[in-house]
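Per-entry structural report
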Amino acid sequence: MRTLLARRLLVLIPTVWGIITVVFFAVRLGGVSPALAMFPKADGETIARIEKENGWDRPLTAQYAAYFARLAKGDLGRTYVVSRLPVAEEIAARFPRTIELALAALLLAVPIGLLAGIVAAARPNSVTDYGPMTAAMAGVSFPVFWLAMLAIMLFGQWLPFEGRLDAQLAERHEFSPRTHFMLIDTLGNPALFLDALKHLLLPALVLSTIPMAVIARMTRASLLEVLGEDYIRTARAKGLASAAVLWRHALKNAMPAIATVIGLQCGYLLAGAVLTESIFSWQGLGTFVFECARSRDYNGLQGSVILLALVFVIVNFIVDVSYAWLDPRIRVS
Amino acid sequence: MKSRWMSAVWMCVILAAMLAGCGGETPPSETPGDGAALSPRLQKARALLDSAGLKTPLRLTLYQMTNPRPYLPKPQETALLIQSQLSRIGIEVEIVENDWPTHRSKTSKGEHDMCLLGWSTDNGDIDNFVSTFYSKNNAVPPSALNVAFYVNDKAEDLLTRGRQTADEAARAVIYKELQELVAHDVPLVPLMHTQAYCAHGKRVQGFQLHPMDLHRFHRADAPAGDGGLKIVSFGRGADSISLDPAVIDDGESVKAVIHLYDTLVRFADDSMNIEPGLAERWDVADEGRTFTFHLRQGVLFHDGTPFDAAAAQYNLQRLKDGLDVPAQVKRSPYAFLYEGIASIETPDAATVVVKLAASDVTFLKNLAMFPASIASPAAVRKDAENYGRAPVGTGPFRFKSWEPGVKVVLEKNPEYWHGAPNIDRLIFEHSKESKVRVRNLLKGGYDMIDGIPLEDLQAIRDSTDVTLISQPGMNVCYLALNTQGKNGTQYAAVRQAIALAIDRAQLNQGAYDGQGVPAYSAVPPTVAGYHAAPAMLESD
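Residues numbered from 1 in each chain as written. Chains lettered and ligands numbered in written order. Predicted model: local features only at pLDDT ≥ 70, side-chain atom pairs only at ≥ 80, totals over all residues. Heavy atoms only, no water.

Examining the sheet that holds strand β13 (residues 341–348) of chain B
Residues and elements named next belong to chain B. Strand order in the open sheet formed by four strands is β11-β12-β14-β13, and the pairing between neighbours is antiparallel. Here the strands that pair on one side only, and so sit at the sheet edges, are β11 (279–285) and β13. The average angle at which neighbouring strand axes cross in this sheet is 20°, direction not considered. Note that strand β12 (residues 290–295) and strand β14 (residues 351–356) share five bridges and pair antiparallel. The residue bridging Phe 291 from the neighbouring strand is Val 354, located in β14. Running over the sheet, helix α9 (residues 309–321) touches β12, β13 and β14 and is turned about 165° from β13. (Pairing = 2+ DSSP bridges. Helix = DSSP H or I, 4+ residues; strand = E, 2+ residues; numbered from the N terminus. Axes fitted to C-alpha atoms, helices over the stretch in contact; angles between N-to-C directions. Contact = heavy atoms within 4.5 Å.)

If you want it as structure tokens, here you go:
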């Protein structure tokens, strides 16, 4: 297990290097000077100044080396259009917001999705199968913004649906976020903590629908496959209770496939959900990437794309390792 | 297999329900298509078009932006209506859609035959409209605002004279002549003026929307909540970008900036009149070329440094020349308004003398605009790069905090020279989706919002908990016709024909929900010097 872990970790290094390289050259494929792409109306002098400040006037190879040197110092440059803040500062404020929302959505999606899939697989083609699976079908099919508006109309009377904390309440408590994980920042103050929790509820619920549905369908499918195998029939023939067969024998073997799907969904969630963030005014990473892309904000786009790629790499790493933990055959080979 | 069927049936039911809820209305068409008799107005347009002797059907491009603007809430619908209106007189319109920055950059280079564009005033003066649209100085690619590329010596002469004439009656005569001239030449077809809207809840008292659509909270009040603080929160569509007045040109930054700073002279609370600001009084000499400002004494910046003549001089110089600004900014996007300043002198600590190269009656109005805000020189010099995130002015509110992307918080300046504000805290929150923002206002989540979608106006009018404020916006939406185009718009007869074929009433119904004000001049009726030329009025 330990050598496997070490091996996987070593593979991470060239992967990350590759990602940064690809992103670096990809954003430069446009052929237009980045400064000109951002400010099509600016005069030559301004363009020259922006290019000089970012080193964009130097040859590509020199830029490439300089970019790694700056990256090592955590310097991702400054956004020019979106906010004029350093990109690292933007990400430090926005990524925690995205992580918090993604984790909350996963916390809803994983248990409910798993349970729905197991219930459906336990009695295929019965009411307990059709019910959850119809809901899951709806879950993957409905556009998120539509669901979000529906949720606001249904629950907006009782639950807040914009932002992460009531701004007036925050002012009255002289509160300002430090880590930008709102649930952590408000820990010492019950009134604020409760308010932050309430703000989290609706967006997390809406965001969880797709992963929940995908997990439910995957759980059902892979469980049904495992349940058709010979050793399950043997277990049943031995007189094991069907619950024990399902939970102990079948589920464990169905888990690697389910873990892959959970991992993938986790990656998508952490990449930021533009629509959900936008409707609930969440101001996470997704909105930032979207705004950077729209205004051709080079530094912002480059920094956040690298971060998102890293997220996927790390999530994949965790999924890989969980395979080994779930399936001894992988550990041995 | 059965489960698939069941879910498919469900999906159909739900889809049908969704579709039933969003059936669009098609605006009534004034004249039927080909074959039917044309109205006399359209017959005249047709005759004008024929007189140009061009190959028919005439094919023209219409450039249109995808992003709604305050003066153009539904760009797609507007472009489609114009396309169908022009087809009645035999013009085939090809619509070219671009996002806002691309639209601006392409149209300012003159790629279009026709394009949709609009303007909201900076200072409420008629010159701010007509110079923008008709001056050859603004027709220089790649940053042209005169996207008709209209160059006319007579118009240029009228513009210069209008700028140098102080007498209101004499000015009106000059601008009447100009508006008659362009109604005949038709470099652009004025389409619509819109209303400016904002809405607030019951907690906000004594709020008055300034005619220039400025949300000023200096005089407003609100009841104190738990903890005794009077807090007002404002939901708007984007976060501020910077709070450095010499850097910005986005409305959401301006909203906060006008509370943080003062200007030497200011717009009155309820009109476009100029009244004393940081300058107590001023003398004009030298045929309107020399302004001597006598400054208010004892005013302190929020950082405790004193406001004096040197501070005023520094800020005007900074605005004009781009002194101590962040690396990516050369100078204020509004610097062109202050280019006429020849010198700024400070004979003593309480006096500033500004000399202009030529007399300009819009100068005081420009000085009352936000770019001419007076910032603490010490604070700017300390860290020009990041000054926009730690602003220091003399205004009624001080900067308190800024959560990037989320909200800007200002707090009361108890020592304000013009009387301390009633409100303790003013919060500007970022609320991305306009429909959600309206819901949150109705729920009481915000005290005030702007950027209200037309289709939500009724819900706000119907609610007893919120008040809708609307007033004529000082803006115009227009169809610019490229006078230096190559496909027909270079001929005055073609442009006149287009102007006649435009049906504003239909545009208003189809693309403005009937809430627009048809425009017969590029100058809004609320601006002094407005004149609707008969040539334009004829079209309706």
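Here's the deal with the layout of surface pockets
Residues and elements named next belong to chain B. Computed from the structure, the second largest pocket encloses a volume of approximately 680 Å³. Lining the second largest pocket are 29 residues; nearest its centre among them are Asp 127, Asn 137, Arg 163, Phe 336 and Asp 360. Of all the elements in the fold, those that place two or more residues in the lining of the second largest pocket are α5 (126–134), α6 (153–164) and α10 (363–367). Among the residues making up the lining of the second largest pocket, the classes are represented as eleven nonpolar, 13 polar and five charged. (1 Å grid on protein atoms, 1.4 Å probe; cavity = no way out; pocket = protein on both sides within 12 Å on 5 of 7 lines; lining within 4 Å. Points joined across faces, edges and corners; volume = space filled by probe spheres on them. Nonpolar A, V, L, I, M, F, W, Y, C, P; charged D, E, K, R; others polar.)

Regarding the sheet that holds strand β19 (residues 466–472) of chain B
Residues and elements named next belong to chain B. Overall, mixed pairing links the seven strands, which are arranged β15-β16-β17-β8-β18-β5-β19 in an open sheet. Only two strands of the sheet have a single partner each, and these edge strands are β15 (397–403) and β19. Taken pair by pair, the neighbouring strands of this sheet meet at an average axis angle of 20°, ignoring direction. Alignment of strand β16 (residues 407–412) against strand β17 (residues 425–430), held across five bridges, turns out to be antiparallel. Bridge assignment links Glu 411 to a residue of β17, and that residue is Arg 425.

Considering the interface of chain B and chain A
Listed as interface residues are 53 residues of chain B and, on the opposing side, 48 residues of chain A. Both faces combined, the contact of chain B with chain A buries some 4,500 Å², and carbon together with sulfur accounts for 56% of it. Linking chain B with chain A are seven salt bridges, by the criterion used here. As a salt-bridge pair, Lys 400 of chain B and Glu 171 of chain A come within 3.2 Å of each other at their nearest N and O atoms. Within the residue set of the side of chain B that touches chain A, elements represented by two or more residues are α1 (2–21), α4 (100–108), β8 (231–236), β15, β16, β17 and α12 (434–443) of chain B. Element by element, the count of residues in the side of chain B that touches chain A is highest for α1 of chain B, at eight residues. Its residues assigned to classes, the side of chain B that touches chain A comprises 20 nonpolar, 13 polar and 20 charged. (Buried area = accessible area lost by both parts, 1.4 Å probe. Salt bridge = Lys/Arg side-chain N within 4 Å of Asp/Glu carboxyl O.)

What to know about the pairing of strand β5 (residues 195–201) of chain B
Residues and elements named next belong to chain B. Burial analysis of β5 places six of its seven residues in the buried class, the great majority of the element. In this sheet, β19 lies alongside β5 in antiparallel orientation, the contact comprising seven bridges. Across the sheet, Tyr 197 pairs through a bridge with Ser 470, a residue of β19. The pairing of β5 with strand β18 (residues 448–450) spans three bridges and is antiparallel. Along β18, the bridge assignment pairs Cys 198 with Asp 450. (Buried < 20%, exposed > 50% of the residue type's maximum accessible area, 1.4 Å probe, protein only.)

A word on the packing of aromatic side chains
Residues and elements named next belong to chain B. Counted by the stated rule, this structure contains 20 aromatic pairs over all chains. Ring geometry for Phe 207 against Phe 217: centres 5.1 Å apart, planes inclined by 35°, an arrangement best described as tilted. With Phe 207 in the loop between β5 and β6 (208–209) and Phe 217 in the loop between β7 (215–216) and β8, this residue pair connects regions lying ten residues apart in the sequence. Residue Phe 207 is classed as buried on the basis of its relative accessible area, which comes to 11%. (Phe/Tyr/Trp six-rings, centres within 6.5 Å; stacked < 30°, edge-to-face > 60°.)

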